[in-house]
Amino acid sequence: MMNVRPRHLLFLIAGLLLLLGPWFVRAVVLDYNGRAYTPPDIPVIDLASTPAPTVTPVAVTAPAVEPEPTFRTRPVVVDLAHLNRISRSAFQPLEAALATRHIGLRFWQPEAGAETSGLENFLDFPDQSERLATELADASALVVVSPFFLWSPKEIALVEQFVADGGRLLVISDPDVTGDAARDIDNLTQPFGLVFNDDYLYDTEDNDGNFIHIFAGEFLDQASGLEGSRIALYGARSISGSGEPQVRSGENTLSSLRTGLSGFTVAAIGGKEARDTAGRVLAMGDFDTLTEPYVERHDNRKLLGFAADFLAGAEFAPTIDKFPAFLGKEVSLLYGGEQALGATLLVQGARLQDRLAVTGRTLTLADSDILTATLTGNATAGNAPDLIYLADFATADAETPFLDDLGFSLVTVVVTPTTPLTTSASAALPAPASAITAATANVTVTINAEITSTVASTGTELAPLSVAEPASSPTPAQPPAPQVTTYLETGAGIRFLANEVVLIGQRELDAGARVVVLLAVDSNGVSAGVERLLVQDFRQCIMEPDQAVCPLEAGDAESAPDAATAGTDESSPSTAENATPDVPALPPPADKERVLVIDDNSNAQEGEVSEADAYIKRLVAAGESPRLWVTGAEDIPDAETLAGYRWVIWSGAGYEESGPYLDDLGLINAYVNQGGRITISSRAPLLGMAPAEAAPIRDLVVDPAGRAMNQDLPGTPIELADDLPPVQPLDEHFLDTVDASVVLRRGPLSKPERAPALLYFTDADAEEPMGAQIAVMGLSLTWLPEDVQTILVRNMAVWMLEE
Amino acid sequence: MDRPWEYALGVVGLALCLLAGLGLARWAAPTPIIGVVRFDAVISEETAANLVEILERAQKDDRVAGVVLEIASPGGLAYSSENAFYSLLRLRETKPVIAAIDGQAASGGYYMAVAANRIYAPPSASVGNVGARGPRPDDPELSPNELSSGPYKIAGGSRFDSIQQLQTVADAFVGNVVNQRQHAEVTPLTIDAQAVAEARIYLGSEGLALGLIDAEGGRTDALLAAAELAGVERYSVVDLADDYGIAITPTTSTISESVAALAADAPPDAVFLLDSRIPLPQGLSGSSLDQQLLRLRGNN
């Protein structure tokens with residue numbers, strides 16, 4: 001027994017060792033359960049310090065709004081036609097702000113289907129200038145916010161003109177609007193000197209809840225009234241360029257691109273003096289701040305007010321070509337005279353009514369009582385309706401001051417031919433007249449005429465104008481009938497044949513009402529004028545901002561084709577049968593147009609006045625219909641264009657930088673070598689070649705040698721203004737081969753005295769004369785007294801246009 | 001032992017003891033393991049939940065001496081990223097957690113990394129992007145077919161609530177990053193919170209200079225560091241996802257598909273801690289028309 005127990009004990013011990021040994025080895029020897037890890041002692045941050053949710057808004061008393069819409073105020077147009085990815089509702093605060101300023105807001109929407117038109121190229125987005133022109137026709141301002149597609153050059157040109165006319169432009173490039181790309185919007189703003197940068201601004205220190213919600217730091221110029229305001233911008237771009245900064249960012253605000261800078265401009269006013277757009281374009285780098293709910297934060301509404309005030313500042317001259325935008329909601333139509341209305345005028349009245357109805361205006365037929373009340377001041381100021389007054393000249397002259405207001409008086413001239421008829425030019429007639437008669441018939445008879453009566457005359461009487469007519473018999477069988485001609489005469493003495501002219505103008509009357517006056521010689525003429533007004537066709541018209549003098553096409557007036565009935569409308573006070581025309585009978589046009597006036601204004605400076613307009617006026621007064629070519633807009637005409645005209649006037653004397661230049665010489669030479677006739681009017685007409693230094697002209701004397709153009713010019717020195725700019729004197733011997741005739745020379749008050757100021761020459765002495773005629777004028781026509789201008793241009797026209 | 005059968009019985013008994021002892025030893029003193037978890041995904045509710053489950057099991061698993069979290073993620077949903085962050089912090093209380101950045105740990109991905117004891121990244125990896133993103137909020141409006149009891153019952157809050165909430169999420173992110181990295185044992189943070197909040201994406205080497213990571217290195221360095229911190233010399237490396245049978249990576253293959261799926265499943269006003277180089281999916285960056293137009297512009 002004793003031998004068994006120890007063995008059993010050994011087995012037991014061995015078994016225990018085998019059972020616990022592996023654990024001992026792993027746990028104690030190898031220390032598989034040992035962990036030396038000590039976790040770091042890092043406190044958890046206290047998130048309870050994060051801000052509480054935003055406070056529940058409280059009601060704030062809104063400022064009282066007393067909208068008093070005035071119909072004449074033009075609406076603001078908002079561009080959405082370039083697929084701007086902005087909701088219309090975002091404009092509601094601006095719309096409301098404008099409404100308190102009595103200005104409406106409307107959207108220029110994209111065409112239906114434009115968004116899904118299958119456009120495959122970004123640059124293929126179509127030009128919409130025609131639609132834009134319609135939109136801007138009665139608008140006061142244009143708002144463009146982050147357009148997705150590019151503005152076309154034509155659209156930009158329209159906007160530029162719109163701004164130059166007085167409109168306002170607000171352009172916003174907001175970096176957090178879908179598709180906003182400053183580089184694309186810049187093509188619209190660069191003409192106004194404004195450049196958006198493709199960046200965004202941020203401030204990690206002082207912001208309105210997010211790093212891109214920056215605060216404005218400085219208010220300048222027109223926005224200086226906002227100084228002290230707390231205004232936030234919610235994702236804004238910076239603006240560069242020549243614009244005047246209005247709002248700048250704070251000093252800690254940074255740009256995502258323009259590193260190293262601060263004080264970024266986020267609102268600026270731009271425009272260019274030379275383009276007449278200065279101060280009329282506002283650029284802003286953020287739109288959100290003008291929208292809900294951001295506009296209610298801090299003082300942001302003040303910035304909205306600033307933008308609305310800017311847009312409301314548009315000022316348009318009520319030009320006649322903006323008809324009917326300047327009229328009020330209620331308009332009365334008045335026909336002048338007591339005669340029964342014909343169908344023609346009735347139809348045009350109905351068309352006017354339709355035209356006004358389209359724009360929300362009502363046109364009602366009114367009697368003369370309204371006119372009387374308005375003109376006599378009996379209408380209550382502010383309540384007097386606007387008027388459209390249609391009448392013939394005589395009626396208008398008799399019952400209203402409108403003709404006088406438009407700067408015209410009615411002049412009727414009765415000419416009684418006297419016997420005997422002669423077969424040669426009368427010594428009493430001016431030379432040009434006799435020259436004119438030369439080409440009208442195989443047998444020429446000139447009627448010796450004298451003025452026997454003048455019914456009304458307020459201007460300078462021109463010399464009696466000759467009348468040339470083919471004579472079938474040199475011996476009159478009956479005493480000639482008096483010839484009656486009615487003119488419209490300006491205060492400057494310029495006469496228009498009444499039966500070939502329609503006057504369209506608009507004025508504001510004392511009672512506050514605005515009147516559109518449309519006058520012609522008869523109802524057909526009035527009808528033609530209404531047609532022009534309706535379709536805004538003022539081609540070939542002499543335009544002033546508030547009136548147009550337009551020619552009547554043949555057939556427009558009942559009597560137009562037949563001068564015998566000139567001024568013989570049933571309402572005309574002066575009627576005569578068999579009246580004959582007495583305008584200077586210039587040669588009829590052959591295969592060429594007659595007169596081209598080139599306004600060489602390519603180098604014109606701000607504020608300089610075109611001389612070409614003076615030529616146009618005088619030529620129209622002489623019965624011509626010149627074509628105006630403006631080099632600033634159309635570049636220099638080519639040789640083919642010049643060759644199409646009988647007489648070219650190269651007018652640059654209105655500008656300090658006067659052409660023609662060396663580059664133009666070849667063009668002029670080519671024209672002259674083909675027998676062209678040209679007048680060069682410039683302060684340096686001979687490419688700078690002059691016998692003496694440029695000096696102002698104080699006076700002029702007429703040289704008797706210049707017979708072709710000196711008829712009726714004053715025999716005494718013509719005094720000019722004493723503040724005229726220096727011009728280069730001419731040299732009558734500037735080319736060896738030229739035998740120039742001098743018409744005007746510098747007078748005794750001028751230096752160098754006797755230097756030519758106007759001369760002319762021809763190619764008559766050339767081996768193969770082509771009929772070329774050249775007049776060189778070393779001063780501006782506008783510097784001359786108006787009566788001298790009229791005579792000189794008439795003389796020049798007679799000489800230049802003679803066969 | 002006069003009887004032979006008694007000897008035989010004794011040997012058998014000893015053998016049984018040995019077997020039982022070996023079994024007992026493996027149970028009571030298992031071989032330590034360094035668990036590896038590879039997170040190669042966008043952080044969504046699903047991927048984050050799977051990760052959290054693995055982490056929780058690893059915390060309870062005595063075999064696991066330390067965890068290496070291998071991150072290749074551009075981030076994702078904010079709250080999912082935060083879930084992973086806090087789970088990692090909890091695991092770190094008991095076992096060392098080492099982050100090894102494989103390629104990128106941006107935004108929410110980096111959020112996870114900063115919960116680790118140490119962060120290793122190769123020099124050209126992308127790290128940082130500490131900030132939040134989200135859709136622009138809509139304004140409250142009425143639903144024509146629904147009644148609600150308060151002004152913000154349908155919208156959930158004002159536009160400025162959304163703005164502020166986004167900033168709050170970002171502030172918490174920045175705060176946690178700064179707090180963790182300022183206390184980093186190896187390479188503490190050298191830039192301030194404002195610089196972190198700029199949300200830049202740094203290279204791994206830049207991140208080291210700024211204290212956003214602890215050292216340049218990869219998975220191997222992370223394993224050694226985990227063992228070192230755990231104090232184990234003999235250990236085995238185990239893929240915990242395989243070991244536990246939990247797959248992290250979703251079935252979708254590309255990041256853009258993952259992000260699209262993420263946005264589709266996320267709440268409409270969800271905040272994202274997502275790499276800024278990845279565009280938010282269509283629903284968050286405009287209408288289909290916007291997308292069409294932007295593609296048109298992109299071609300020119």
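Further up the page is the structure itself.
Residues numbered from 1 in each chain as written. Chains lettered and ligands numbered in written order. Predicted model: local features only at pLDDT ≥ 70, side-chain atom pairs only at ≥ 80, totals over all residues. Heavy atoms only, no water.

> When you look at the state of the cysteines in this model, what are you seeing that I'm missing?
Where two cysteines share a covalent bond between their sulfur atoms, that bond is called a disulfide. Residues and elements named next belong to chain A. Applying the stated criterion across every chain yields a total of 1 disulfide over all chains. Bridging Cys-541 to Cys-550, the disulfide has an S-S length of 2.1 Å. On the S-S bond that ties Cys-541 to Cys-550, the torsion sits near 110°, and the link is right-handed. We classify Cys-550 as buried; its relative accessible area is 1%. (Disulfide = S-S within 2.5 Å. Buried < 20%, exposed > 50% of the residue type's maximum accessible area, 1.4 Å probe, protein only.)

> Explain the interface of chain A and chain B here, please?
Interfaces are often sized by the accessible area lost when the parts come together. Each partner contributes residues to the interface: chain A has 60 residues there, and chain B has 64 residues. Counting the contacts that link chain A with chain B gives 1 salt bridge. In this structure, Arg136(B) engages Asp176(A) in a salt bridge whose closest nitrogen and oxygen atoms are separated by 3.0 Å. Where chain A meets chain B, there are 11 residue pairs in polar contact (both at pLDDT 80 or more). Split by residue class, the side of chain A that touches chain B holds 34 nonpolar, 13 polar and 13 charged. (Contact = heavy atoms within 4.5 Å. Salt bridge = Lys/Arg side-chain N within 4 Å of Asp/Glu carboxyl O. Polar contact = N/O pair within 3.5 Å; in protein donor to acceptor, adjacent residues only side chain to side chain. Nonpolar A, V, L, I, M, F, W, Y, C, P; charged D, E, K, R; others polar.)

> Please explain the sheet that holds strand β14 (residues 330-335) of chain A as it appears in this structure.
The strands that make up a sheet are held in pairs by hydrogen bonds between backbone atoms, and each pair lies either parallel or antiparallel. All names here are of chain A. Read across the open sheet, the 7 strands follow the order β15-β14-β16-β24-β23-β26-β25; overall the sheet is mixed. In the strand order of this sheet, the two ends are held by β15 (362-365) and β25 (542-544), each with one partner. Strand-to-strand, the axes of this sheet are offset by a mean angle of 15°, without reference to chain direction. Alignment of β14 against strand β16 (residues 386-392), held across 5 bridges, turns out to be parallel. Counted as the bridge partner of Ser-332 is Leu-387 from β16. Seen against the sheet, helix α12 (residues 523-535) touches β16, β23 (501-508), β24 (514-520) and β26 (547-551) and runs at an angle of roughly 130° to β24. (Pairing = 2+ DSSP bridges. Helix = DSSP H or I, 4+ residues; strand = E, 2+ residues; numbered from the N terminus. Axes fitted to C-alpha atoms, helices over the stretch in contact; angles between N-to-C directions.)

> How should I be thinking about the pattern of salt bridges in this particular structure?
Pairs can form between side chains of opposite charge once their charged atoms are near each other. Under the counting rule described, the total for this entry stands at 33 salt bridges over all chains. Residue Glu135(A) pairs with Arg106(A) through a salt bridge whose shortest N-O separation is 3.1 Å. Placement of the pair is Glu135(A) in helix α3 (residues 129-136) and Arg106(A) in strand β2 (residues 105-108), with a sequence separation of 29 residues. Of the charged contacts, one joins Arg495(A) and Glu489(A) as a salt bridge, the two residues approaching to 2.6 Å between their closest N and O atoms. Side by side, Arg495(A) and Glu489(A) carry an identical accessibility label, which is buried. Ionic contacts of the salt-bridge type, sharing partners, join the residues Arg38(B), Asp40(B), Glu70(B), Asp102(B) and Arg219(B) into one network.

> Can you walk me through the pairing of strand β1 (residues 33-39) of chain B in this structure?
Along any regular strand, the residues point their side chains to alternate faces of the sheet. Residues and elements named next belong to chain B. Among the 7 residues in β1, 6 count as buried, and that is most of the element. Once the chain exits β1 it traverses helix α2 (residues 45-60) before rejoining the sheet at strand β2 (residues 64-73), and the crossover so formed is right-handed. In this sheet, strand β9 (residues 236-239) lies alongside β1 in parallel orientation, the contact comprising 4 bridges. Across the sheet, Val-36 pairs through a bridge with Asp-239, a residue of β9. (Right-handed = clockwise from strand over helix to strand, strands pointing away.)

> I tried to follow the packing of helix α13 (residues 612-621) of chain A against helix α17 (residues 786-801) of chain A on my own but got confused; where do I start?
The angle between the axes and the distance between the axes are what describe a pair of packed helices. Residues and elements named next belong to chain A. Packing of α13 against α17 brings their axes to within 9 Å, and their N-to-C directions diverge by 70°. By the angle class used here, α13 and α17 are roughly perpendicular. In contact with Ala-614, Tyr-615, Arg-618 and Leu-619 of α13, α17 contributes Glu-786, Gln-789, Thr-790, Val-793 and Ala-797. Taken together, the residues of the contact of α13 with α17 sort by class into 5 nonpolar, 2 polar and 2 charged. (Parallel < 35°, antiparallel > 145°, perpendicular 65-115°, else oblique.)

> Please clarify how α12(A) should be interpreted in this entry.
An α-helix turns once per 3.6 residues; consequently, residues spaced three or four apart project the same way. For α12(A), which comprises 13 residues, the first-to-last C-alpha distance of 18 Å matches the rise-based estimate of 18 Å (1.5 Å per residue) to within 8%. One or two positions beyond α12(A), positive phi appears at Gln536(A), with a value near 55°. (Expected span 1.5 Å × (residues − 1).)

> What exactly am I supposed to notice about the pairing of strand β34 (residues 756-762) of chain A here?
Residues and elements named next belong to chain A. By the criterion of burial, β34 is predominantly enclosed, with 6 of the 7 residues buried. Both strand β33 (residues 741-746) and β34 contribute to a ladder of 4 bridges, which runs antiparallel. When the bridges of β34 are listed, Arg-745 appears paired with Pro-756.

> What is the right way to look at the environment of Ala105(B) in this model?
Residues and elements named next belong to chain B. Take Ala-105: it is sitting in strand β4 (residues 97-106). Considering only alpha carbons, one finds Ala-105 and Ser-73, 32 residues apart in sequence, at a separation of 5.2 Å. Ignoring sequence-local partners within four residues, the contact set of Ala-105 consists of Ile-71, Ser-73, Tyr-110, Ser-126, Val-127 and Gly-128.

> I would appreciate a short explanation of the nonpolar core in the present structure.
General note: in soluble globular proteins, nonpolar side chains tend to be found buried as a group. Formed by 58 residues in total, the largest nonpolar core has its most connected members in Leu51(B), Tyr110(B), Met112(B) and Leu240(B). Excluding residues that lie within four positions of it along the chain, Leu51(B) makes contacts with Val37(B), Phe39(B), Leu69(B), Ala84(B), Met112(B) and Ile248(B). The next biggest cluster of nonpolar side chains, apart from the first, holds 44 residues, and it includes Ala90(A), Phe287(A), Leu303(A) and Leu304(A). (Core = buried A, V, L, I, M, F, W, Y, C linked by side-chain atoms within 4.5 Å.)

> It is not clear to me how the environment of Gln246(A) should be interpreted in this structure. Could you clarify?
Residue and element names in this part refer to chain A. Tracing the sequence through the fold places Gln-246 in strand β10 (residues 244-249). By relative accessible area, Gln-246 is classed as buried at 0%. Sequence spacing of Gln-246 and Ala-283 is 37 residues, and the spatial spacing of their C-alpha atoms is 9.5 Å. Apart from the residues within four sequence positions on either side, Gln-246 is in contact with Glu-218, Phe-219, Leu-220, Asp-221, Gln-222, Ala-223, Ala-267, Ala-268, Ile-269 and Phe-306. Of note is the side chain of Gln-246, whose polar atom sits 3.0 Å from the backbone nitrogen of Gln-222.

> Help me understand the packing of aromatic side chains, please; the structure alone is not making it clear to me.
Each aromatic ring pair is specified by the distance between its two centres and by the angle formed by the two planes. If you walk through the whole model with that rule in mind, you get 20 aromatic pairs over all chains. Centre to centre, the rings of Tyr294(A) and Phe160(B) are 5.5 Å apart; their planes meet at 80°, and the pair counts as edge-to-face. Of this pair, Tyr294(A) sits in the loop between β13 (281-284) and α6 (300-312) while Phe160(B) sits in helix α5 (residues 159-182), on two different chains. For the pair formed by Tyr294(A) and Phe160(B), the shared burial category is buried. Among the aromatic side chains, those forming a connected cluster through ring pairs are Phe122(A), Phe125(A), Phe148(A) and Phe149(A). A cation over a ring is seen here: Arg168(A) above Phe310(A), with NZ or CZ 4.7 Å from the ring centre. Cation over ring: Arg495(A) sits above Tyr487(A), and NZ or CZ is 4.7 Å from the ring centre. (Phe/Tyr/Trp six-rings, centres within 6.5 Å; stacked < 30°, edge-to-face > 60°. Lys NZ or Arg CZ within 6 Å of the ring centre and 35° of its normal.)

> Is there a simple way to explain helix α11 (residues 288-298) of chain B in this structure?
Along α11(B), the positions that sit buried rather than exposed are Leu289(B), Asp290(B), Gln291(B), Leu293(B), Leu296(B) and Arg297(B). Looking at the buried side of α11(B), the elements it contacts are α5 (182-189) of chain A.

The quantities given are spatial measurements derived from coordinates; they are silent on function.
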